[in-house]
Amino acid sequence: RKKHLPYPPGPKPMPLIGNILDLPTDDVPSAYVEWAKKYKSSILHASALGSHIVVLNDVEDAIELFERRARIYSDRPEYPIRKLMGWDHNFALTRYGDEWRYCRKITQEHFRKEAVKNYHDVISQKVHAMLDGLLQSPNKFEHHNKMLSVSIPMKTMYGYDVESINDRCITVTDKSLLLGSPLFLPGASLINIFPILAFIPSWFPGASSRKIAAEVKQLTEEVIQAPMNWAKMRMVEGTAVPSLVTHFLEKKNTIGASAAEERAIGDVAYTVNGAASDTTISATGSFLYFMAVNHGIQKKAQREIDRVVGRNRLPDFSDRPTMPYLEAIYREVLRCRQPLDMGLPHCLTEDDHYKGYFIPKGTIVLGNIWAMTHDEKSYPEPFAFKPERFFDEKGDLNDDDRILAYGFGRRGCVGKHVASATLWLTFASILATFNIEKAKDDSGREIPISDEYQEFGFISHKTPFECSITPRSHGHRQLIEEVNLLNK
Ligand code: HEM
């Protein structure tokens, strides 16, 4: 009789089209917070054309459903366009099953907390190269941010050093995303929620979209295959450096591996590349923005770094436990602005009931991470950037160390320890060596920075802004130059 329970509250569906016209397409997370107020419920429901969506605005509900009931809440929705574009190779979007399990297991082994230490050298090298970039051309900070975020996965997955922002591995990926994202995400969210819309002719005009999808597929094949082939060549030449792919190829050469296993490794490397870069770009962009507009916080962090690290070396991973304020900045950046503010959609594989509501099999369940991290009860003054909120009365870092930005349960971010290490060292190294301020116009007046963000695909980015990034002293400049000479 559970089926007779009501769906969770939400707008009344219209005949046939259901709630299609009600669904927000702009500033989606805060629109669902408004729904929560209107329908007096943190769990919300909408439906159309036989599909259901449930939005969870409260962290307790997300933990109960995505984690305690992970067995049935760990699928992803089926997007008809995914295969046409070759994006079925991205295991972050793969249905919950053996194929996903195999890829997840490989990444989990490589990216578990202890194993991430193996990546510390590569991360440090690339962060130091970013500092050099900021020294040479500070106004191109977005380029340096992108180089950093792409070059770490390219090195750790294939052993490949990205030389410039115009490297073909970047331009081809960018082109496939630019062409593919609008097909995948019309109106930013509708197709995520109701995949069936992909078959509605007015939205999916057929020939031209299919033509674009075919082009995206070709580009995607190149994004997957070109670096794999490059790594194979280096193996043949005997010049390969350790990476996920070369490790696999060595195993293949010694004990053998099937074509399916090789394809899976290619898919894993491709997925990690995609999953690691834009998210890290978004978080580092937010960090630079928050530092530019919060002078006092920046100075406080620099005082901590000077006290712990001194001015004669750059920060390294061993400093992390001794710099609580920097840790709080890391937490606060990801609390204020999650790269994926609605996470990635989960999908329910069996009928369920929760808190007196019925949630049917096949429902797409979205965790509104932004709503959870802007809940006034847990985070007073939620819109203020305040690292101090992560300290207790005694002045110690509190135990609120679960970063909700990494999502939930079995589909939660498998790269969160790499992401954490990369972001922490980036924030520490930039603050140790540079001052970040608002840019000034010709008459010396500060140029204001808007607080706007824009969505690209699933990911939310700070809108472009100007800021001034200058070395803190001649000594800091020298530190950057010396470390990069050593890295060469
Ligand atoms: C600031 C950086 C990052 C953020 C905020 C982030 C966030 C997320 C989120 C929200 C999800 C979906 C979770 C869910 O469905 O509940 C996810 C999935 C994933 N992330 Fe990350 N991520 C980041 C960096 C990375 C990095 C560096 C890697 C790889 C080294 C990575 C690899 C993945 C993969 C493979 C998945 C798919 C997991 C699956 O479906 O089983 N991410 N991430």
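Computed from a prediction, not measured in an experiment: that's the story for all the values here. (Residues numbered from 1 in each chain as written. Predicted model: local features only at pLDDT ≥ 70, side-chain atom pairs only at ≥ 80, totals over all residues.)

**Observations regarding the overall build of the chain**
Selection rule: Strands here mean DSSP runs of E at least two residues long; helices mean DSSP runs of H or I at least four residues long; both are numbered from the N terminus. Computation of the radius of gyration draws on C-alpha atoms, with the globule rule given as 2.2 Å multiplied by the number of residues to the power 0.38. For the purpose of contact definition, each residue receives a C-beta atom placed from its backbone, and two residues are in contact when these atoms lie within 7 Å.
Across its full length, the chain holds 16 helices and 10 strands. Taking 488 residues into account, the globule formula puts the C-alpha radius of gyration at 23 Å, and the chain, at 23 Å, falls close to it. Each principal axis of the C-alpha atoms in the chain carries an extent, and together these give about 70 × 60 × 45 Å. Expressed as a percentage of contacts within the chain between residues at least 6 apart in sequence, the contacts between residues at least 24 apart total 74%.

**Description of helix α5 (residues 120–136)**
Let me state the cut-off plainly: Expected span of a helix: the number of residues minus one, times 1.5 Å.
Here α5 contains 17 residues, and its C-alpha end-to-end distance of 24 Å stays within 8% of the 24 Å for a straight helix at 1.5 Å per residue. Where α5 is buried, its residues touch α6 (141–158), α15 (416–433), β7 (434–438), β10 (467–471) and α16 (474–487).

**As for the sheet that holds strand β3 (residues 346–347)**
Either a parallel or an antiparallel arrangement is found when strands of a sheet pair, and the pairing is made through backbone hydrogen bonds. Filter applied, for reference: Strand pairing is assigned whenever DSSP detects at least two bridges linking the two strands.
A sheet is described by the order of its strands in space; here 4 strands give the open sequence β1-β2-β6-β3, paired in mixed fashion. With partners counted over all chains shown, the strands left at the sheet margins are β1 (43–48) and β3, one partner each.

**A word on helix α13 (residues 324–336)**
The test is simple: Exposure classes come from backbone-placed C-beta atoms, where a residue is buried if 20 or more other C-beta atoms lie within 10 Å of its own, exposed if 12 or fewer do, and partly exposed in between.
Taking 1.5 Å as the rise per residue, α13 with 13 residues should run 18 Å; its terminal C-alpha atoms sit 18 Å apart, in good agreement. With 11 of 13 residues buried, α13 is to be regarded as a mostly interior element. Among the residues of α13, those classed as buried are Leu326, Glu327, Ala328, Ile329, Tyr330, Arg331, Glu332, Val333, Leu334, Arg335 and Cys336. Buried residues belonging to α13 abut α11 (259–293), α12 (295–309), α14 (369–373) and α15.

**Quick notes on unusual backbone geometry**
Its identity is not glycine, yet Asp27 carries a phi of approximately 45°, on the positive side. With respect to the element layout, Asp27 can be found in the segment before α1 (28–38). What makes Asp27 partly exposed here is the crowd of 16 C-beta atoms within 10 Å. The backbone of Lys355 shows a phi angle near 50°, a positive value even though the residue is not glycine.

**Re the nonpolar core**
The following threshold applies: Joining buried Ala, Val, Leu, Ile, Met, Phe, Trp, Tyr and Cys residues through C-beta atoms within 7 Å gives a set, and that set is a nonpolar core.
One finds Val245, Val268, Ala269 and Phe427 to be the most contacted residues of the largest nonpolar core, which totals 121 residues. Sorting elements by how many residues they give to this core places α11 first, with 15 residues. Not counting the four nearest positions on each side in its chain, Val245 is found in contact with Met157, Tyr158, Met228, Ala231, Ile265 and Ala269.

**So, the site of the ligand**
Convention followed: Throughout this description, a residue near a molecule or strand is one whose C-beta atom, derived from the backbone, lies within 6 Å of it. Side-chain classes follow a simple rule in which Ala, Val, Leu, Ile, Met, Phe, Trp, Tyr, Cys and Pro form the nonpolar group, Asp, Glu, Lys and Arg form the charged group, and the remainder, Gly included, forms the polar group.
Taken together, 28 residues form the shell around the ligand, and within it Ala92, Ala275, Gly407, Cys413 and Gly415 come nearest. Of all the secondary structure elements, the ones that give two or more residues to the shell around the ligand are α4 (98–111), α11 and α15. Ranked by residues supplied to the shell around the ligand, first place goes to α11 with 7 residues. Residues that form the shell around the ligand fall into these classes: 16 nonpolar, 10 polar and 2 charged.

**Quick look at the packing of α5 against α6**
Where we set the bar: To get an axis, a line is fitted to the C-alpha atoms, and for a helix only the part in contact is used. The angle between two axes follows their N-to-C directions and goes from 0 to 180 degrees. These descriptions rest on fixed angle ranges, namely under 35 degrees for roughly parallel, over 145 for roughly antiparallel, 65 to 115 for roughly perpendicular, and the rest for oblique. A crossing counts as left-handed when the near helix is turned anticlockwise from the far one by less than a right angle, and as right-handed when that turn is clockwise.
At a minimum axis separation of 9 Å, α5 and α6 run at an interaxial angle of 160°. Compared by their axis directions, α5 and α6 come out roughly antiparallel. Considering the relative orientation of α5 and α6, their crossing is right-handed. On α6, the residues touching Val122, Ile123, Lys126, Val127, Met130, Gly133 and Leu134 of α5 are Phe141, His144, Met147, Leu148, Ser151, Ile152, Lys155 and Thr156. In terms of residue class, the contact of α5 with α6 is built from 9 nonpolar, 4 polar and 2 charged.

**Observations concerning the confidence of the model for the chain**
To keep it simple, the criterion reads: The predictor's confidence in any single residue is recorded as pLDDT, a number from 0 to 100.
For the chain, the mean per-residue pLDDT works out to 91, and 94% of the residues sit at or above 70. Overall, residues 200–207 carries pLDDT values under 50, and its contacts beyond four positions in sequence, including any with other chains, amount to 6 contacts. Scoring the predicted complex yields pTM 0.94 and, for the interface, ipTM 0.99.

**Quick look at the packing of α12 against α15**
Axis angle and axis distance: for two packed helices, these are the angle between their axes and the distance between the axes, and together they describe the pair. Here α12 crosses α15 at 90°, and the two axes come no closer than 9 Å. In terms of orientation, α12 lies roughly perpendicular with respect to α15. Only Ala428, Leu431 and Ala432 of α15 make contact with α12, whose side of the interface consists of Gln298, Ala301, Gln302, Ile305 and Val309. For the contact of α12 with α15, the residue count by class is 6 nonpolar, 2 polar and no charged.

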